[in-house]
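Residue-level structural notes
The lines below spell out each chain.
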Amino acid sequence: MISFNAEQRFIVTGASSGIGEGVALLLNELGASVIAIGRNEERLSALKQKAKYPENMFLEQKDLTEDIGGLPAYVKALKEKYGKFQGLVNSAGVVCVIPAKNASLFEIRQTFDINYFSAIMLSQGFLDRRVNIGNGASIVSLASISVKVCDKGQIAYAGSKAALVASMKVMAKEVASQGVRINTILPSMIETPMQDKDSDYYIEMKAKYPLGFGKVSDVANFIVFLLSDKAKWITGQDYIIDCATY
């Protein structure tokens, strides 16, 4: 069974909703201290109220795209505030659906800013030896099945996630000698409250999934496994979380 203690601290971005929220709550439930980063103050407050151990859920409201170049320093400042970190989960992201012929440079950059550049710079800050615990530290970044499927309209989204996967593999090789592990996960369709279950698109897509859409907990459980010492021999990998649609 996976368990943590309050001295094991994890940064989770995108923690105010979706998979990030699920990971933050699960880590907290298993005993870890969580530094939950999100843009929405109201949702972050709700996250703390949902936590099993609210005293170990620490909230940081921040727009990661405001000063991307300053994110390494931001992570170091968090270390001074909370102590050294066991793990980082790069879950913050946006979906951009636009045909290649219509995609503007601004839209592509905007997507890359949150899906790629912010994750890279946060990871750079985390990998400072003064910030993480060293041997046993772990980064997990959230990519997407779009990296493999590359559907129409995903030039910016799939591109940003593919770049993330490649860069995480590079980082994994560079820090393996320090005992720090880095992996990415590529989930397919995950059930969220925001989906319109009566729409033709929802009905059409769900018919393609023999086990139905995934749940946030399906992804969160796997991320927590990769963060734990149960995955101590796993690094530089990108895992598809899917049910036979790929």
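As a starting point, this report considers the structure included with it. All figures in this text were calculated on a predicted structure; none of them were measured in a lab.

Taken together, the 7 strands give an open sheet; going across it, the order is 3-2-1-4-5-6-7, and neighbouring strands pair in parallel fashion. Bordering the open sheet on either side are strand 3 (57–61) and strand 7 (238–241), each of which pairs with just one other strand. For this sheet, the mean angle separating the axes of adjacent strands, direction not counted, is 15°. With 4 bridges joining them, strand 6 (residues 181–187) and strand 7 adopt parallel strand pairing.

A few words on empty space enclosed by the protein. Going through the model one piece at a time under the given rule, you end up with 1 cavity of 30 Å³ or more. Of the volumes computed, that of the largest cavity is approximately 40 Å³. The wall of the largest cavity is formed by Thr-13, Asn-90, Ser-91, Ala-92, Ile-114, Asn-115, Ser-118, Ala-119, Leu-122, Leu-142 and Leu-164. With 5 residues, helix 4 (residues 105–126) is the largest single contributor of residues to the lining of the largest cavity. Looking at side-chain class alone, the lining of the largest cavity contains 6 nonpolar, 5 polar and no charged residues.

The residue Asn-56 is located in the loop between helix 2 (41–50) and strand 3 in this model. For Asn-56, a relative accessible area of 15% puts it in the buried group. With sequence-adjacent residues up to four places away left out, Asn-56 is seen in contact with Ala-6, Asn-28, Gly-31, Ala-32, Ser-33 and Val-34.

Put simply, helix 1 (residues 18–29) and helix 8 (residues 216–227) touch, their axes get as near as 9 Å, and they point 55° apart. For the element pair helix 1 / helix 8, the angle class is oblique. Crossing angle aside, the handedness with which helix 1 passes helix 8 is right-handed. Mapping the contact onto sequence places Gly-18, Ile-19, Gly-22, Val-23, Leu-26 and Leu-27 in helix 1 and Val-216, Val-219, Ala-220, Asn-221, Ile-223, Val-224 and Leu-227 in helix 8. Of the residues in the contact of helix 1 with helix 8, the class split is 10 nonpolar, 3 polar and no charged.

This next bit is on the packing of helix 3 (residues 71–82) against helix 4. Put simply, helix 3 and helix 4 touch, their axes get as near as 7 Å, and they point 45° apart. Judged by the angle between their axes, helix 3 and helix 4 are oblique. Here helix 3 runs over helix 4; the crossing is right-handed. Only Ser-118, Met-121, Leu-122, Gln-124, Gly-125 and Phe-126 of helix 4 make contact with helix 3, whose side of the interface consists of Leu-71, Pro-72, Tyr-74 and Val-75. Split into classes, the residues belonging to the contact of helix 3 with helix 4 amount to 7 nonpolar, 3 polar and no charged.

What counts as what
Residues numbered from 1 in each chain as written. Predicted model: local features only at pLDDT ≥ 70, side-chain atom pairs only at ≥ 80, totals over all residues. Heavy atoms only, no water. Pairing = 2+ DSSP bridges. Helix = DSSP H or I, 4+ residues; strand = E, 2+ residues; numbered from the N terminus. Axes fitted to C-alpha atoms, helices over the stretch in contact; angles between N-to-C directions. 1 Å grid on protein atoms, 1.4 Å probe; cavity = no way out; pocket = protein on both sides within 12 Å on 5 of 7 lines; lining within 4 Å. Points joined across faces, edges and corners; volume = space filled by probe spheres on them. Nonpolar A, V, L, I, M, F, W, Y, C, P; charged D, E, K, R; others polar. Buried < 20%, exposed > 50% of the residue type's maximum accessible area, 1.4 Å probe, protein only. Contact = heavy atoms within 4.5 Å. Parallel < 35°, antiparallel > 145°, perpendicular 65-115°, else oblique. Left-handed = near helix turned anticlockwise from the far one by under 90°.

By themselves, these figures tell us nothing about what the structure is for.
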